[in-house]
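These are the residues of each chain, in order.
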Amino acid sequence: MKELNKVEFKKEVEDYLKVLFRKSINEADDQQKFQAVAYAVKDFIVDQWMATHRTYEEQDVKTVYYLSMEFLTGRALGNIIINLKGNQAIKDAIEELGMDLDVIEDQEPDAALGNGGLGRLAACFLDSLSTLGYPAYGCGIRYKYGMFKQVIENGYQLEKPDDWLKYGNPFEIKRPEYAVEVKFGGYVAIRKDECGRDKFVQENYQSVRAIPYDLPIVGYNNNVVNTLRIWDAEPIDTFNLDSFDKGDYQKAVEQENLARTICEVLYPNDNHMAGKELRLKQQYFFVSASIQRAVMKYMEKHDDIRKIHEKVVFQLNDTHPTVTVAELMRILMDEYNLSWDEAWDVTTKSCAYTNHTIMSEALEKWPLELFSRLLPRIYQIIEEINRRFVLQIQAAYPDDNSKVEKMAIIYDGQVKMAHLAIAAGFSVNGVAKLHTEILKHQELKDFYEMMPEKFNNKTNGITQRRFLLHGNPLLAQWITDKIGDDWITNLKHINELSVYADDELSQKEFMNIKYKNKVRLAKYIKEHNGIEVDPRSIFDVQVKRLHEYKRQLLNILHVMYLYNKLKQNPGMDFYPRTFIFGAKASAGYMRAKSIIKLINSVGDVINNDASINGKIKVVFIENYRVSNAEIIFAAADVSEQISTASKEASGTGNMKFMLNGALTLGTMDGANVEIVDEVGEENAFIFGLSSDEVIAYEHNGQYNPRDIYNSDADIRAVLTQLVDGTYSQGNFEEFRDIYNSLLDGQGGRPDMYFILKDFRSYAEAQERVEAAYKDEKKWARSAMLNTAKSGKFSSDRTIEEYAKEIWHLDKVKVEVTD
Ligand code: 26W
């Protein structure tokens, strides 16, 4: 690794301030200083970036293209610095320039090009790919506005635009030389080519120019810099007089508008398919651009397109990029003259699909009318894929007509993207053991029975470099002092901490670091919420997207229940607790927004009730995002992972908490199951229905929350408080919808997510949490063991599995020559 030279670096920062802003250090503001530092860092990595790509070309490596609508990368500067092992040199340089690295890092807006789990997973995967030395491109969209900024006003969520590119992005490089054209609409005509063959050509279409921007993904201490390539759209030509003459004025305007709108904004829906035309345009836009470029790049160095799968593999991050299948077929047949069978052979050897959710409202299905109008050639190809797939189903199940109904790609007037991905992909994976089992035996049962060899599990992971080394520097240093720094690139080593779990001095040190991190978070909360919280209280944290299945409602109902108990019995034995929430609700998800309001309203009442002596505090952290997540995970005692069993595919927040020494309070859902396997049930708090029980109730309809309401006075009291104005200043209607959802269900099933059913079990688990926390040594031991046993949950492990079992990639070593 090239060493970072402090003196040179300082000069670079000063030069950039001059060149970019015509300012000296003393005149520049913090944002300008951040920009100058970022450019200086980019300067340093660009040699490695070039060397990486030179090495890839020389060795003619196989490359994975990770196609994703979302990359929730967060801030880049701090992460790049730690991956360069340049923390100290850069910190010193910056200090000598009279600046503070934390302040500089704080100037960078989060790149929030994602909603939640799926987008953040993609970002962790890129970090691991580079650190492990695997050749990879991330392919996505350069949204002008990322995930909205959440502002809480009066307890309500408001959405503000996230203008993350306002000051420009110092890390990106625009690559107009790689621009490609992407076509929409029109019709498909059959024309003769120069050799007299029939050709399918799209005519009378509208098109845009896709322009890539490259972002560096820096591996840890290994010279490897992969590329995250995000596409922007520009109008194909500027308005020319020709169009006027031809009377195409209208079309020229429409094309301009198309280019302007495609990359405007990230859809802020998590686990909910809205079915908007613009969303399908976004999908085809970035897929077509990425696949065109991948094919061109391959053909620059090879001559037989029939072998592209030997050098290229496309991983589809959920169904969002599934048009890849048809786009690749189109390019192979229409542009490279492959026959259907040849093209299908290549396509089915190069596409693999990851499923991230079983929530039925998340499944992507597009109306035929919309799909065929927007993507006429792609639609033709999907029709033919479907026709052949249906024949295959019929051949496999000649006596069972229901199979076609359940498995066809086109059915009921819709294109079913998951079915397309499964039919064409060579691999279908779930993201945690339990999730994969549910896919195989419930949701995708028919597909599994027909094509069992495609199905496999890849349990998710997270990068310890961002979520421990960067986010929790005190703990990171302590761990390194104890066991050395191998854990940074091989998290299995963190298990060596286990021997310290019973050592009282180590326990004290560990909890002392936790305390300091709680003080850091308390300061953040004071500054951002104006609420005073006691760092000695239990920090009980639930941060994730707001969704009914994630059951933030169970958490806050339990807070209401505890508060009632405390009011009834002020002298009761009660360990002070701070309940911390952070969650964005999709802008149109009314019930989710109402739950945010409830959390804030409950907080207002409880936090201002002097009679309980601050024993309970409720904090809603505004605008939860990657940058404040790092601070939150480091400070948590209790990790709330309380989804209705079977609904959370994996969860990844659960792993970040564990890594930072929080104890999981959770259901046997998603990766929680594997967390408990690793750390032991005695070091977690498990409660609630199992996934089998939930699924059984869903089938037999035998659950009636009214029975619980009628028989349990405490629950009844809490529910009544939703509609008697206790938390809404006398407004009985404010939380009526939440109340109804639990008891009436309005068309759907009442209490679909089994909140009342799991309530008692949850409350009892919470009692175990309190009892455990009171035993300081025992808690410290459990907390340390959580960190020690988190080795499995590194995204490095996950990526090794993908690389070996799905992608078949080789690792590359990169040398930088000056
Ligand atoms: C079409 C609308 C839409 C948008 C986003 C549907 C589905 C999604 C994502 C697949 C939702 C998502 O982020 N799923 C989460 O993926 C994580 C990474 O695998 C898992 O850890 C979470 O359990 C899962 O909810």
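Residues numbered from 1 in each chain as written. Predicted model: local features only at pLDDT ≥ 70, side-chain atom pairs only at ≥ 80, totals over all residues.

(A) Spatial organisation of the overall build of the protein. Of the regular secondary structure elements, the protein holds 32 helices and 25 strands. Computed over its C-alpha atoms, the radius of gyration of the protein comes to 27 Å, within 12% of the 28 Å expected for a compact globule of 818 residues. Overall size of the protein, expressed as C-alpha extent along the three principal axes, is 90 × 75 × 55 Å. A buried classification covers 50% of the 818 residues belonging to the protein. The contacts of the protein with a sequence gap of at least 6 include a subset with a gap of at least 24, amounting to 77%. (Helix = DSSP H or I, 4+ residues; strand = E, 2+ residues; numbered from the N terminus. Rg over C-alpha atoms; globule rule 2.2 N^0.38 Å. Buried ≥ 20, exposed ≤ 12 C-beta atoms within 10 Å, placed from the backbone. Contact = placed C-beta atoms within 7 Å.)

(B) Molecular detail of the sheet that holds strand β20 (residues 538-543). Across the sheet, which stays open at both edges, the six strands sit in the order β22-β21-β20-β23-β24-β25 with parallel pairing between neighbours. In this open sheet, the two edge strands, each paired with only one partner strand, are β22 (616-620) and β25 (685-686). As paired elements, strand β23 (residues 638-641) and strand β24 (residues 663-666) share four bridges and run parallel to each other. Pairing of Gln 641 across the sheet is with Gly 666, part of β24. (Pairing = 2+ DSSP bridges.)

(C) Main features of the pairing of strand β6 (residues 156-160). Inspection of the sheet shows strand β5 (residues 149-153) paired to β6 by five bridges, in the antiparallel sense. Across the sheet, Glu 153 pairs through a bridge with Tyr 156, a residue of β6. Remark: two residues form the turn of the hairpin made by β5 and β6, two consecutive strands paired antiparallel; Asn 154 in that turn has positive phi of roughly 65°.

(D) Region of interest: the nonpolar core. By size, the foremost hydrophobic cluster in this structure holds 238 residues, and its most contacted members are Val 37 and Ile 382. Structurally, this core is a two-domain feature, drawing no fewer than three residues from each of domain 1 (60-75 + 110-460 + 801-807) and domain 2 (501-689 + 760-779). The contacts of Ile 382, once residues within four sequence positions are left out, are Ala 326, Ile 409, Ile 410, Val 415 and Leu 420. (Core = buried A, V, L, I, M, F, W, Y, C linked by C-beta atoms within 7 Å. Domains from an automatic or database assignment.)

(E) Molecular detail of the sheet that holds strand β17 (residues 414-416). Spatial strand order, β15-β17-β16: three strands in an open sheet with antiparallel pairing. Of all the strands in the sheet, the pair left with one neighbour each is β15 (365-367) and β16 (410-411). Relative to β17, β16 runs antiparallel, the two sharing two bridges. Among the inter-strand pairings, Ile 410 is bridged to a residue of β17, identified as Val 415.

(F) View of the UniProt feature "modified residue: N6-(pyridoxal phosphate)lysine" (unreviewed entry) in the protein. The feature "modified residue: N6-(pyridoxal phosphate)lysine" (unreviewed entry), as given by UniProt, occupies Lys 656 in the numbering adopted here. Structurally, Lys 656 can be placed in helix α24 (residues 653-659). (UniProt positions renumbered as here; feature names shortened; annotations may be inferred.)

(G) View of the packing of helix α6 (residues 117-132) against helix α32 (residues 795-807). Contact pair α6 / α32: the axes reach a minimum separation of 9 Å and the direction vectors enclose 75°. For the element pair α6 / α32, the angle class is roughly perpendicular. The segment α6 lies against α32, with Cys 124, Phe 125, Asp 127, Ser 128, Leu 129, Thr 131 and Leu 132 engaging Ser 795, Asp 796, Ile 799 and Glu 800. Here the contact of α6 with α32 is composed, by residue class, of five nonpolar, three polar and three charged. (Axes fitted to C-alpha atoms, helices over the stretch in contact; angles between N-to-C directions. Parallel < 35°, antiparallel > 145°, perpendicular 65-115°, else oblique. Nonpolar A, V, L, I, M, F, W, Y, C, P; charged D, E, K, R; others polar.)

(H) The environment of Val 618, seen in detail. Here Val 618 is to be found in strand β22. Taking the C-alpha atoms as reference points, Val 618 and Arg 577, 41 residues apart in sequence, are found 8.6 Å from one another. The contacts of Val 618, once residues within four sequence positions are left out, are Val 559, Phe 579, Ile 599, Val 602, Gly 603, Ile 606 and Asn 607.

(I) Inspection of the site of the ligand at higher detail. Taken together, 23 residues lie near the ligand, and Gly 117, Leu 118, His 356, Ala 362 and Ser 650 sit nearest. In the shell around the ligand, the residues fall into six nonpolar, 13 polar and four charged. (Near = placed C-beta within 6 Å.)

(J) Structural detail: the pairing of strand β18 (residues 427-430). A two-sided burial pattern is seen for β18, the buried positions comprising Ser 427 and Asn 429 on one face and Val 428 and Gly 430 on the other. Both strand β14 (residues 351-354) and β18 contribute to a ladder of three bridges, which runs parallel. Bridge pairing in β18 links Thr 354 to Asn 429. Summarising the sheet, β18 and strand β19 (residues 455-457) pair through three bridges and their orientation is parallel. Pairing of Val 428 across the sheet is with Phe 455, part of β19.

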